[in-house]
Structure formats: structure tokens, C-alpha cells
Amino acid sequence: MKLTEIILNRRSIRKYKNDEIPEDKLRKILQAGLMAPSSQNRKPCEFYVIRNRGILKSLSEAKAMGAAMLSECNMAIAVLGDGEKADTWIEDCSIALSFMMLEAEEQGVGSCWCQMHLRSSADGKDAEENVRGILHISAKYRIVGVLALGIPEQKPSPHSPDEADWNKVHYF
Ligand SMILES: Cc1cc2nc3c(=O)[nH]c(=O)nc-3n(C[C@H](O)[C@H](O)[C@H](O)COP(=O)(O)O)c2cc1C
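Residues numbered from 1 in each chain as written. Predicted model: local features only at pLDDT ≥ 70, side-chain atom pairs only at ≥ 80, totals over all residues. Heavy atoms only, no water.

1. A short note on the overall build of the protein chain
Then, in step 1: When you go through the protein chain residue by residue, the secondary structure sums to five helices and four strands.
Then, in step 2: Counting helices and strands in the order they occur from the N terminus, the protein chain gives α-α-β-α-β-α-β-α-β.
Then, in step 3: Projected onto the principal axes, the alpha-carbon positions of the protein chain cover approximately 45 × 45 × 30 Å.
Then, in step 4: For the protein chain, the proportion of its 172 residues judged to be buried stands at 42%.
Then, in step 5: Of the contacts formed within the protein chain by residues at least 6 apart in sequence, a portion of 79% connects residues at least 24 apart.
Then, in step 6: Total accessible area computed for the protein chain in this model is approximately 9,700 Å², and 52% of it derives from carbon and sulfur atoms. (Helix = DSSP H or I, 4+ residues; strand = E, 2+ residues; numbered from the N terminus. Buried < 20%, exposed > 50% of the residue type's maximum accessible area, 1.4 Å probe, protein only. Contact = heavy atoms within 4.5 Å. Areas by Shrake-Rupley, 256 points an atom, 1.4 Å probe, with all protein chains shown as cover.)

Written as C-alpha cells, this is what we have:
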């Protein structure tokens, strides 16, 4: 697919088939994250691939709402940013997540970004801390998001170029 088509076709997918994601597709998705640009090329992102169902279930409860797909997906990639390595961890991890979503679309794999940073669980605990606890990660790592992945069970309609709100573009 051409990039323009990938951008229009990519939708958040929250329902998945039971099928496994082939290893070569996962590798291409990870490669996209690893190849994403970062400020001053500091590359502060680490990628945790999670297939263990118990861990996926725990992650789905790491925040109060909007994480249910993590217990149903085939696997998830938690994107961690080393806050000591780069003050741009939010930007760097966000770009890596975005690149992986686009490559997932190219590979026919459904994805959905699950926000953890700035969110909390039903019992009021910080979602990032919950994720660090579940994955036994040091406090220097920040968790921007967890990408749920799976072979799509649903096919939401692609975005149309007509949705672009050109009023948001300002020329000087
Ligand atoms: C920064 C960010 C955080 C998001 N967090 C969640 C989330 O926690 N749970 C969820 O179900 N979807 C989440 N999404 C997906 C958005 O809801 C979705 O991208 C948006 O509604 C547009 O739909 P589309 O992705 O199908 O184009 C997130 C997306 C972004 C970019």
C-alpha cells in the first residue's frame, strides 16, 4: 500500500481473531518502532512484547477505562521511554507508537494505542506505576502507551480525505 492509503485505512482495532500474528509481521512492526526518529537521536524507547495472557489481563486493569482490548488482543507492545536518557520521551515514544501503527496496517495487523501516561486505575493508582509493577520495570522508565495488536475481527470504514478539517491549517 502507498503511505497515503495506509494513513486513510488505519483505524483503531479493538476486536481480534484468535489467530497468531506471524513472526515476520511482528518483526516489521518492531522494526518500524526502532527506526522512528528521536530527538538528538537519543533513542530512549524500549519495546516490551507481551504475549502472556495473565500479564495482558493485568495490563487491561492498569487503568480504569479504555484498556479492555489488552485482555483480548493477540499480543501487546509496551513502549517505555527512559526519562533519564531523554527529556523528549513523550515525543520519542509517541512517534515510535505511530510508526508501529502504520506498519501494522501495512502488515494487515489491527492495532490500538492504549494510553497509560496521565491515567489511573479504578482504585486511583497511577497507571504508569501499575504497568511498571506488572512488568518489573525501574522507575526511570515512563510508559506513554501500550499498543494492542491482533488480526482484525472488525473492519471499520477507512477515513476519507473529506474528514480533513482544512480550517485548522493556517498560512502566514
Ligand atoms: C494518544 C492516544 C491515546 C489513545 N488511548 C486510547 C485508549 O486508552 N483506549 C482506546 O481504546 N483507544 C485509545 N486511542 C485510540 C483513539 O481513541 C482513536 O485513535 C481515535 O478515536 C480515532 O479513531 P481511529 O484510530 O480509528 O482513527 C488512543 C489514541 C491516541 C493517539
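2. Quick look at the site of the ligand
Then, in step 1: Around the ligand sit Arg10, Arg11, Ser12, Arg14, Lys63, Gly66, Met69, Cys112, Trp113, Cys114, Gln115 and His159, and those are all the residues in its vicinity.
Then, in step 2: Within the contact set of the ligand, an oxygen atom lies 2.8 Å away from a side-chain nitrogen or oxygen of Arg14.
Then, in step 3: Here a nitrogen atom of the ligand sits 2.8 Å away from a polar atom, N or O, in the main chain of Gly66.
Then, in step 4: Burial of the ligand by the protein amounts to 63% of the accessible area it has alone, namely 620 Å².
Then, in step 5: When the residues that make up the shell around the ligand are grouped by side-chain class, the tally is four nonpolar, four polar and four charged. (Near = heavy atom within 4 Å. Polar contact = N/O pair within 3.5 Å; in protein donor to acceptor, adjacent residues only side chain to side chain. Nonpolar A, V, L, I, M, F, W, Y, C, P; charged D, E, K, R; others polar.)

3. A short note on helix α4 (residues 89–106)
Think of an α-helix as turning once every 3.6 residues; residues three or four places apart then point the same way.
Then, in step 1: For α4, with 18 residues, the first-to-last C-alpha span of 26 Å sits near the 26 Å given by 1.5 Å per residue.
Then, in step 2: All of the buried residues in α4 are Trp89, Asp92, Cys93, Ser94, Ala96, Leu97, Met100, Met101, Ala104 and Glu105.
Then, in step 3: In this fold, the buried residues of α4 make contact with α1 (3–9), α2 (23–34), β1 (45–50), β2 (75–82), β3 (110–115) and β4 (141–150).
Then, in step 4: Downstream of α4 by one or two residues, Gly108 has phi in the positive range, about 75 degrees. (Expected span 1.5 Å × (residues − 1).)

4. Overview of the sheet that holds β4
Then, in step 1: Overall, antiparallel pairing links the four strands, which are arranged β1-β2-β4-β3 in an open sheet. Either end of the sheet is taken by a strand with one partner, and the two such strands are β1 and β3. Neighbour-to-neighbour, the strand axes of the sheet open up by a mean angle of 25 degrees, direction not taken into account.
Then, in step 2: Each of β1, β2 and β4 touches α2; the most contacted strand, β1, lies at about 160 degrees to it. (Pairing = 2+ DSSP bridges. Axes fitted to C-alpha atoms, helices over the stretch in contact; angles between N-to-C directions.)

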